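Chain by chain, the residues:
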Amino acid sequence: MHQQSINPSREPDTAEGRIAWLEIERARLADIFEHAPAFLAVLRGPDHVFERVNPAYMQLVGHRNPVGQKLLDALPELVGQGFVELLDHVRETGEPFCGRQLPVFLAREAGAPPERRYVDQVYQRLVDERGEYAVVAHGVDVTDQVLATEALRRSEQEHRDARHESARLAAIVNSSTDAIMSADTAGRITSWNNAAERLLGYTTEEILGQHVSLLYPEKHPETIEMFSAVQRGESVEQINTQRRRKDGSLVNISITVFAIRDHDGSVIGISAVARDIGERTELESMLRQAQKMEAVGRLAGGVAHDFNNLLTVIGAHSAFLLESLESDDPRYEDAEAIQKATIRAAGLTRQLLAFSRKQILKPTSLALNAIVEETREMLRRLLGEDIEIRTELASDLGSVIADATQINQVLVNLAVNARDAMPNGGVLTIATSNVSVVAGTSAARGVVPTGDYALIEVRDTGTGMDAATMARLFEPFFTTKAPGKGTGLGLATVYGVVKQSAGYVLAKSRIGHGTMFEIYLPLVAGADHTVELRVAESAAVCGVETVLVVEDETPVREIAQRVLTRQGYVVLTAASGAEALALSATFSSPIHLVVSDAVMPGMGGAEVLKRLQAERPRLKALLMSGYTDDEIVRRGIVSSTVRFIQKPFEPTDLARAVRDALDAT
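Residues numbered from 1 in each chain as written. Predicted model: local features only at pLDDT ≥ 70, side-chain atom pairs only at ≥ 80, totals over all residues. Heavy atoms only, no water.

Novice: Provide a residue-level description of the overall build of the chain, including the pertinent values.
Specialist: Along the chain, the regular secondary structure elements total 19 helices and 22 strands. Counting over 665 residues, the chain shows a buried share of 47%. Intrachain contacts of the chain at a sequence separation of at least 6 include 63% that bridge at least 24 residues. Counting only carbon and sulfur atoms, one obtains 52% of the accessible surface of the chain, whose full area is about 32,300 Å². (Helix = DSSP H or I, 4+ residues; strand = E, 2+ residues; numbered from the N terminus. Buried < 20%, exposed > 50% of the residue type's maximum accessible area, 1.4 Å probe, protein only. Contact = heavy atoms within 4.5 Å. Areas by Shrake-Rupley, 256 points an atom, 1.4 Å probe, with all protein chains shown as cover.)

Novice: Please set out the packing of aromatic side chains residue by residue, giving values where relevant.
Specialist: Under the criterion given, the structure shown has four aromatic pairs. Between Phe 97 and Tyr 123, the ring centres sit 6.1 Å apart and the planes meet at 40 degrees, which makes this aromatic pair tilted. Pair noted here: Phe 97 is in strand β3 (residues 97-106) and Tyr 123 is in strand β4 (residues 115-127), with a separation of 26 residues, a long-range link. For the pair Tyr 453 and Tyr 520, a centre-to-centre distance of 5.9 Å together with 90 degrees between the ring planes defines the contact as edge-to-face. Taken together, the residues span a long stretch of sequence, with Tyr 453 in strand β15 (residues 451-460) and Tyr 520 in strand β17 (residues 515-524) at a distance of 67 residues. Exposure remark for Tyr 453: the relative accessible area of 5% places this residue in the buried category. The buried category is assigned to Tyr 520, whose relative accessible area is 6%. An aromatic cluster of three or more residues is present, and its members are Phe 39, Phe 50 and Tyr 57. Of note, Arg 125 hangs over the ring of Tyr 133, and the distance from its end group to the ring centre comes to 3.9 Å. (Phe/Tyr/Trp six-rings, centres within 6.5 Å; stacked < 30°, edge-to-face > 60°. Lys NZ or Arg CZ within 6 Å of the ring centre and 35° of its normal.)

Novice: How would you explain the sheet that holds strand β19 (residues 570-574) if you had to name every residue and give the values?
Specialist: Strand order in the open sheet made by the five strands is β19-β18-β20-β21-β22, with parallel pairing throughout. Two strands close off the open sheet at either side, each with one partner strand: β19 and β22 (643-646). Between one strand axis and the next, the sheet turns through 20 degrees on average, direction left out of account. Pairing analysis gives five bridges linking strand β18 (residues 546-550) to β19, with the strands arranged parallel. Each bridged residue has a counterpart across the sheet, and for Thr 546 the counterpart in β19 is Val 570. (Pairing = 2+ DSSP bridges. Axes fitted to C-alpha atoms, helices over the stretch in contact; angles between N-to-C directions.)

Novice: Tell me about the side chain of Arg 659, and please be specific about residues and values.
Specialist: Assignment of secondary structure puts Arg 659 in helix α19 (residues 651-663). Looking at Arg 659, its side chain comes within polar contact range of the main-chain oxygen of Cys 542, at 2.9 Å. (Polar contact = N/O pair within 3.5 Å; in protein donor to acceptor, adjacent residues only side chain to side chain.)

Novice: I'd like a description of the pairing of strand β2 (residues 49-53), backed by residues and values.
Specialist: Here strand β1 (residues 39-44) runs beside β2; their pairing, made up of four bridges, is antiparallel. Within the sheet, the bridge partner assigned to Arg 44 lies in β2 and is Val 49. Connecting β1 to the antiparallel partner β2 that follows it, the hairpin turn spans four residues, and Gly 45 within it adopts a positive phi of roughly 85 degrees.

Novice: Tell me about the pairing of strand β5 (residues 133-141), and name the residues and values.
Specialist: Within β5, eight of the nine residues are buried, which leaves it mostly tucked inside the rest of the structure. The sheet contact formed by β1 and β5 spans six bridges and is antiparallel. In the sheet register, Ala 41 faces β5, and the bridge partner there is Ala 137. Relative to β5, β4 runs antiparallel, the two sharing nine bridges. Each bridged residue has a counterpart across the sheet, and for Val 119 the counterpart in β5 is Asp 141. Linking two consecutive strands that pair antiparallel, namely β4 and β5, is a turn of five residues; a positive phi of about 80 degrees is found at Gly 131 within it.

Novice: Explain the pattern of salt bridges residue by residue, including any values.
Specialist: As enumerated under the stated definition, the model contains 19 salt bridges in all. A salt bridge links Arg 188 to Asp 184, with the shortest nitrogen-to-oxygen separation between them at 3.1 Å. Exposure remark for Asp 184: the relative accessible area of 8% places this residue in the buried category. Connected via shared salt-bridge partners are Arg 108, Glu 115, Arg 117 and Asp 141. (Salt bridge = Lys/Arg side-chain N within 4 Å of Asp/Glu carboxyl O.)

Novice: Explain unusual backbone geometry residue by residue, including any values.
Specialist: Backbone geometry places His 63, a non-glycine residue, at a positive phi of 65 degrees. Its place among the elements puts His 63 in the loop between α2 (55-60) and α3 (71-74). One non-glycine residue, Gln 101, lies in positive phi territory at about 50 degrees. Looking at the secondary structure, you find Gln 101 in strand β3.

Novice: Got a sec to walk through the sheet that holds β2? Specific residues and values, please.
Specialist: With antiparallel pairing, five strands are arranged side by side in an open sheet as β2-β1-β5-β4-β3. Single-partner strands in this sheet number two, and they are β2 and β3. Each adjacent strand pair in this sheet contributes to an overall mean axis angle of 35 degrees, direction not counted. Strands β1, β3, β4 and β5 of the sheet are contacted by helix α4 (residues 83-93), whose axis makes an angle of about 15 degrees with β4.

Novice: An account of α4 is needed here, citing residue identities and associated values.
Specialist: Turning to α4, its buried residues number three or more, namely Phe 83, Val 84, Leu 87 and Val 90. In a view along the axis of α4, the buried residues occupy a sector of 130 degrees, so they form one face of it. Facing away from the buried surface of α4 by more than 90 degrees, the exposed residues are Glu 85 and Glu 92. Contact partners of the buried residues in α4: β1, α3, β3, β4 and β5. Directly beyond the C-terminal end of α4, a positive phi value near 80 degrees is found at Gly 94. (Arc of directions from axis to C-beta.)

Novice: So what about the packing of helix α15 (residues 554-566) against α19? Which residues, and what values?
Specialist: Across the interface, α15 lies against α19 with an axial gap of 10 Å and an inter-helix angle of 65 degrees. Here α15 is positioned roughly perpendicular relative to α19, judged by the angle of their axes. Handedness of the crossing formed by α15 with α19: right-handed. Residue-level contacts link Ala 560, Val 563 and Leu 564 of α15 to Pro 651, Leu 654, Ala 655 and Val 658 of α19. When its residues are assigned to classes, the contact of α15 with α19 shows seven nonpolar, no polar and no charged. (Parallel < 35°, antiparallel > 145°, perpendicular 65-115°, else oblique. Left-handed = near helix turned anticlockwise from the far one by under 90°. Nonpolar A, V, L, I, M, F, W, Y, C, P; charged D, E, K, R; others polar.)

Structure follows, in structure tokens:
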């Protein structure tokens, strides 16, 4: 009897041929599932019963085979870790979940306590031909950055409906974030998933039937040896090499190659699983940079806090000196110089607070195009005639919640930076657009979370920057300008303002090709969300009321007491929240106002105010701080009418703020 030959690249015409082809296809896909370097598990039903797992998954959980068991029966240590809730959500809504470096505690050895691992993981719902739901868990154990690379084996579970199994496994392969491809023994490509198309640029129609050498770089001796070894039935696991994209560029990949066998064990083709390791390296570098920036930000915020307390004392004493000296006194000029230096230093601390995201913002619902147009007029005067300013503004741009003044400052700082990069003139372009960042895409280089954003692009035609400069771009006090030409806080301020506005800022540049900054701000529906901490003004600053000053820094506390006593007030002082409560409990006369530092050890100003007002309902309040974390302050303040004064302050500023707080209704 004539035996029909089977071409694995296409479905045969005869029934006998189709059955054989489906069996080979099922075996190939099952092999891919079993030997994928990433872990894979299929969980079915509301109880998440393991229907199928691959060896990489069993290696992750300590070589336990959970097939046929409910999730929490097989892996009881997952209780309370949130994974069941994620699976429920994906199964019920169909929305995929993608998480990076998720911590998971697993008891990987019998009798041993759970150990912490970290995984990059995707949950995705699949619907079979009967309309039943299953969830595919797909990811990589990134704890030691070693991918699961066991050779794919034939499936142990036989399915009665080969076509159903083949289609389901094909869906799993096609949804993989790894590039998966196969070729026949002659080297002609027979399958190509979506991730392979994204990685190498060829569509399935373009690549099927082409020889694998089309993807080889010019020098590829190890690639030829790899192909020969797999043809002999061997497997090659996690080799770092290169492949050529459709556009001719090379991409660095980690690849695992293995043989595809038929039911007799004969080699009938070759499959490969590849991952772009260039993107991973870039993301790891960006993560390290973000962690460094966060640490520097915390340091900058702490430094600004301490400096503001010191500057309050210096500024107050210089004001006292100026009051006591005649203008023709030789010492008057010295005292005035101290006061001016204090004001300049206060400006630097404000920039540090902006970088460290510790400043108080006044966010409202903004139309960014209007801000850009307003800033553009200012920039014409600031940048000079040799720089052309262009705008490309989206007419349907959505609204964002941000501080208008701070966004204006961001644009000015970026424009000034661009001007310095174009000493002989050039073009500065400010563009706006609506963008949607979607899970699984390369939008914003994997840094910006999924969602809808208003994008501001600031582009120049300047000299550009090298990689070393780009790596330190947003660090405070880092500058490439000559001494005395800049503080190095301009881009640090941009970074801080954007991050505090719940946004993201990215930069792209090459030497000789200019620079582009991208600012992503979350879109919102248009209501005004103004949050305001007000310090009103008044002419009369004297009084006779009783004021309780709560401040943990002794010099600042003494300054406040001295200023307010001079204005006629009865002043009580406390060095902590606990001391303030004890003093109030023993003081039988009325206390009209509490002036408290917003952030103190043990008990912050908001808590002090809350507890004092519980005993003295008519008590008014004025908060002050040199370390004004916007989020902490706003959480502790019930109403936007609560008075606030920013350190460092002049004695007259404090006196005026106290009077206004007392006079407020």
